Amino acid sequence: MTKDMRTPILFAVMALLFILEGTTSFWVFSGSWNTSLAILNMALISAIMALGVNLQWGYAGLFNVGIMGFVALGGLATVLISMPATPGAWTGGGFQIVFSLLLGAGTVAAAISLFKRMAPGRNRGIALFALLAIGFFLFRYVFDGGVEGVEAINPASTGNIGGLNPGGPDGYKDHGYMALIAWPVGGLLAAGAAWIVGKTALGLRSDYLAIATLGIAEIVLAVVKNEDWLARGVKNVIGLPRPVPYEVDLQNSAEFVAKAESWGADVTTASTIAVKLSYGLLFTAVLLVLLVLAQLSLKSPWGRMMRAIRDNEVAAQAMGKNVTKRHLQIFVLGSAICGLAGAMMTTLDGQLTPGSYQPLRFTFLIWVMVIVGGSGNNFGSVLGGLLIWFFWIKVEPIGNWLMQVVTFGMEDGSSLKAHLLNSAAHMRLFSMGIVLLLVLRFSPRGLIPEK
């Protein structure tokens, strides 16, 4: 297989896998377009996450294992933008919380200014300690009062400040466009967090940077889980508005029912497929735009400079390049894409569930996608996202089939046979490890290597 033909052939194979999933029940395929489109939608979101990580690692060699935190920030943005404001929340404590946050930021700014203005010595240390102590206790006093007021408002169903949806509690689902607005806001929120992280951590070596990003991601997730006033914490936010029609609305539409019947399809099944297909078209459009921009940046002087910095930082610095500044740029861009993908995923799920953000899904698996697809190659990252997510979902039925083959000759009732059959459900991690090892052994630069 020539290098020029490898990319279209591999993407054609992926397209064939999704078609087989939707059309045939042979082997491990379900024969359901609902299942095929559901896998495809999450695969598209995963491909966007992989594209963001590839910008950081493939372009600049930045080892970011805090992907989960930026994805969670994207999900948080969806709640803060697309949901309606909780009645009485802002007057009950919302403005007080905002004031306390400004007070905290002002305290930090004042401490920085004091540190720069005063001469080093004991007096500066005492003054800084006094300023930070007074600012901290004042911040907590104002902040805790506001949080208590917001969380006391109907805690069983809200207890948070809500969002910016103009429809109110009764009509917010009619403003599904707010979910689309939340996607770039999720990217901006993740980019802002990445800028703060980058300013403090990008001077570290790669292994220390990985530890720092992992720790910061856990801090972000802890905030989302425990600050109920923000997005209800682990009590979850459900019923997020959609940018696509609801199934029940399609089922009540005479025009849609007539079309479904003319196709010979069940109306309920047709409505669910139509909704998933609508999501798929939106996600595909976003992915294509990001892919085109990533390719343009890769082939630009900026992209060549980033790869030169990745290959030899010392030589790039000797040529007058500001390596730390460029690392910060690419770190912010990659994190913004992960935040955008996180907002899209929360919209697809229709709910924000902080307890579901696990490093296995949002860090390890995304890195496997980048490595398997081809680090440094944007098309490779997209292919890795589609391929690995498809197999991540299909590993369990493949494992069941494999164990049935292995235990075919064993006696019924055998404890070994029962153990092997029951272990098929736990083959995901093992299978991902095998896939990663095979790719690293036979194609160490990925399925679509960097050119």
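Quick notes on the rules
Residues numbered from 1 in each chain as written. Predicted model: local features only at pLDDT ≥ 70, side-chain atom pairs only at ≥ 80, totals over all residues. Heavy atoms only, no water. Helix = DSSP H or I, 4+ residues; strand = E, 2+ residues; numbered from the N terminus. Rg over C-alpha atoms; globule rule 2.2 N^0.38 Å. Buried < 20%, exposed > 50% of the residue type's maximum accessible area, 1.4 Å probe, protein only. Contact = heavy atoms within 4.5 Å. Lys, Arg positive; Asp, Glu negative; His and termini not counted. Charge placed at Lys NZ, Arg CZ, Asp CG, Glu CD. Phe/Tyr/Trp six-rings, centres within 6.5 Å; stacked < 30°, edge-to-face > 60°. Lys NZ or Arg CZ within 6 Å of the ring centre and 35° of its normal. Salt bridge = Lys/Arg side-chain N within 4 Å of Asp/Glu carboxyl O. Polar contact = N/O pair within 3.5 Å; in protein donor to acceptor, adjacent residues only side chain to side chain.

## Here's the deal with the overall build of the protein chain
Part 1 of the argument: Helix and strand counts for the protein chain come out as 19 helices and two strands.
Part 2 of the argument: In terms of overall dimensions, the protein chain is globule-like: its C-alpha atoms have a radius of gyration of 25 Å, near the 22 Å expected for 451 residues.
Part 3 of the argument: Principal axes of the C-alpha set define a box for the protein chain whose edges measure 80 × 60 × 50 Å.
Part 4 of the argument: By the burial criterion, 47% of the 451 residues in the protein chain qualify as buried.
Part 5 of the argument: Within the protein chain, counting contacts between residues at least 6 apart in sequence, those at least 24 apart form 79% of the total.
Part 6 of the argument: Positive and negative side-chain charges of the protein chain, numbering 30 and 23 respectively, have mean locations separated by a distance of 16 Å.

## A word on the packing of aromatic side chains
Part 1 of the argument: All told, the structure shown has 15 aromatic pairs when counted by the stated rule.
Part 2 of the argument: Ring geometry for Phe143 against Trp229: centres 5.9 Å apart, planes inclined by 80°, an arrangement best described as edge-to-face. With Phe143 in helix α5 (residues 122-151) and Trp229 in helix α9 (residues 228-231), this pair connects stretches of sequence that are 86 residues apart. A single burial state applies to Phe143 and to Trp229, both of which are buried.
Part 3 of the argument: Between Trp183 and Phe283 the ring centres are 5.9 Å apart and the planes differ by 45°, which places this aromatic pair in the tilted class. Here Trp183 is found in helix α7 (residues 177-201), whereas its partner Phe283 is found in helix α12 (residues 267-298), with 100 residues between them in sequence.
Part 4 of the argument: Put simply, the rings of Phe18, Phe390 and Phe391 pair up and form one aromatic cluster.
Part 5 of the argument: Geometry around Phe442 places Arg441 over its ring, the cationic atom sitting 5.0 Å from the centre.

## So, the side chain of Arg124
Part 1 of the argument: Looking at the element boundaries, Arg124 is found in helix α5.
Part 2 of the argument: Despite its burial, Arg124 pairs with no opposite charge, the nearest such side chain being Glu313 at 28 Å.
Part 3 of the argument: At 2.9 Å, the side chain of Arg124 forms a polar contact with the backbone oxygen of Phe115.
Part 4 of the argument: Not counting the four nearest positions on each side in its chain, Arg124 is found in contact with Leu114, Phe115, Met118 and Ala119.

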